[in-house]
Each structure stands twice: as structure tokens, then as C-alpha cells.
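Residues per chain, in single letters:
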Amino acid sequence: MKTRIIQTRFYDDEFVSECELYTQHLYLYLLTCQYINISGIFQLPNNKIKFEAKLTDLQFEGAKNKLQEEGKVLFKDGWVFVKNARKNNKYENSPLNEIACKNEISRVPKHLIEYFYSSIDSSIDSVPILTINKKQEIINNNNNNNKSKREIIKQELKEKGII
């Protein structure tokens, strides 16, 4: 059985406290449904979401559009990307979970990884990249002044064979 921890401060978040009921409901459903995984990218058709979350077409479309506009969740071709799922759960503290996350991401079609990647802002926390550093040294990647964060992330994705 999977476990998801939702902090009690969830409803203190400005976005959550100000959004409409159906948007809150859909967001909470996506954060806690049985399909979400360590990477935050999972396959889940819209009809199944509507059925399980008990939302009408109108309620679902309104909530979905709001989540996408606010950059919380992306939807594409029956796949869902909960952008901060990895950041908020920090499952990658375990080397085994890092491997599991990498395996999950490798099963996502490359065109979807590219779509999700191109749709995010330059926040590194949201990007589905795994860097496993077992060295005892600190690596400072901030020396790439000529490259934007987006270019650096894209290069890392290519090196890992994700895109």
C-alpha cells in the first residue's frame, strides 16, 4: 500500500485557500490517488479522474484548467504531472527510491517528458531529474553563467537519455 503524507498546512497555502472547492478537491485527489508515484508523473485518463473524484465534466474542466494555469499540475495525452510531488515528499533521500524514481521516469514517453519539461518555469525543484552523487565532495554547478537553468536541465535530461 502506498502512503502519501499531506501536511496539515495544506489548506494554509495561498493557492489552496483561495481556489474553488472543485479545484481543491481535484488537487487533493491527484496528490493522494493510488496512481501517483515518486516521480509525480503518472498515466491517468481524464474519464477515470472524473469518475473517481466524482466530478462532472464542467467541474473537472474548470478545476483542471485552474491547476494548469497556476502551474500546479499538467495534463497531456492521459498523463498527469504533479509538479511539486517530488519536492514535497522527498522520497529520494533513499538510494533505492532514487532508482525507483528513475525507473518510473524512464517509462514515460519521451514526448511527454519534453512537454512537461517545456511547460515548467525555471524552478529546478520541479524538474523530473535525478542526480545521484555518492561522492564526498560538493559539486557547484553554478559556474555555467552563460547557460540558463533551463539549458542546463535540458542537457542533464539528454545525458540521462530521458529526452
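The structure reproduced in this document is the subject of the present report. (Residues numbered from 1 in each chain as written. Predicted model: local features only at pLDDT ≥ 70, side-chain atom pairs only at ≥ 80, totals over all residues. Heavy atoms only, no water.)

A few words on helix H4 (residues 57–69). When the terminal C-alpha atoms of H4 are compared, their 18 Å separation across 13 residues agrees well with the 18 Å that a helix rising 1.5 Å per residue should span. Every buried residue belonging to H4 is among Gln 59, Phe 60, Ala 63, Lys 64 and Leu 67, and all of these are buried. On an axial view of H4, the arc spanned by its buried residues comes to 120°, and they lie on one face. For H4, exposure combined with an orientation more than 90 degrees from the buried face picks out Asp 57, Leu 58 and Glu 69. Looking one or two residues beyond H4, the residue adopting positive phi is Gly 71, at roughly 75°. (Helix = DSSP H or I, 4+ residues; strand = E, 2+ residues; numbered from the N terminus. Expected span 1.5 Å × (residues − 1). Buried < 20%, exposed > 50% of the residue type's maximum accessible area, 1.4 Å probe, protein only. Arc of directions from axis to C-beta.)

Moving on, we get to the sheet that holds strand E2 (residues 73–76). Within a sheet, neighbouring strands are paired by backbone hydrogen bonds and run either parallel or antiparallel to one another. Read across the open sheet, the three strands follow the order E1-E3-E2; overall the sheet is antiparallel. In this open sheet, the two strands that pair with only one neighbour each are strand E1 (41–43) and E2. Along the sheet, successive strands turn relative to each other by an average axial angle of 20°, direction set aside. With four bridges joining them, E2 and strand E3 (residues 79–82) adopt antiparallel strand pairing. Its bridge partner lying in E3, Leu 74 is registered against Phe 81. (Pairing = 2+ DSSP bridges. Axes fitted to C-alpha atoms, helices over the stretch in contact; angles between N-to-C directions.)

Further remarks concern the side chain of Lys 83. Mapped onto the secondary structure, Lys 83 falls in the loop between E3 and helix H5 (85–89). Looking at Lys 83, the relative accessible area reads 8%, which means it is buried. Polar contacts involving the side chain of Lys 83 include one to the main-chain carbonyl oxygen of Gly 71, which spans 3.3 Å. (Polar contact = N/O pair within 3.5 Å; in protein donor to acceptor, adjacent residues only side chain to side chain.)

Once their charged atoms are close, side chains differing in charge can pair, the charge on each being opposite to the other. Summed over all chains, the structure comprises three salt bridges. Here Glu 52 ties to Lys 48 by a salt bridge, and the two come within 3.7 Å at their closest N and O atoms. Of the two residues, Glu 52 and Lys 48 are both situated in helix H3 (residues 46–53); the distance of four residues between them amounts to about one turn of the helix. A relative accessible area of 28% means that Glu 52 is categorised as partly exposed. (Salt bridge = Lys/Arg side-chain N within 4 Å of Asp/Glu carboxyl O.)

From the geometry alone we can't say anything about function, so treat these as descriptive.
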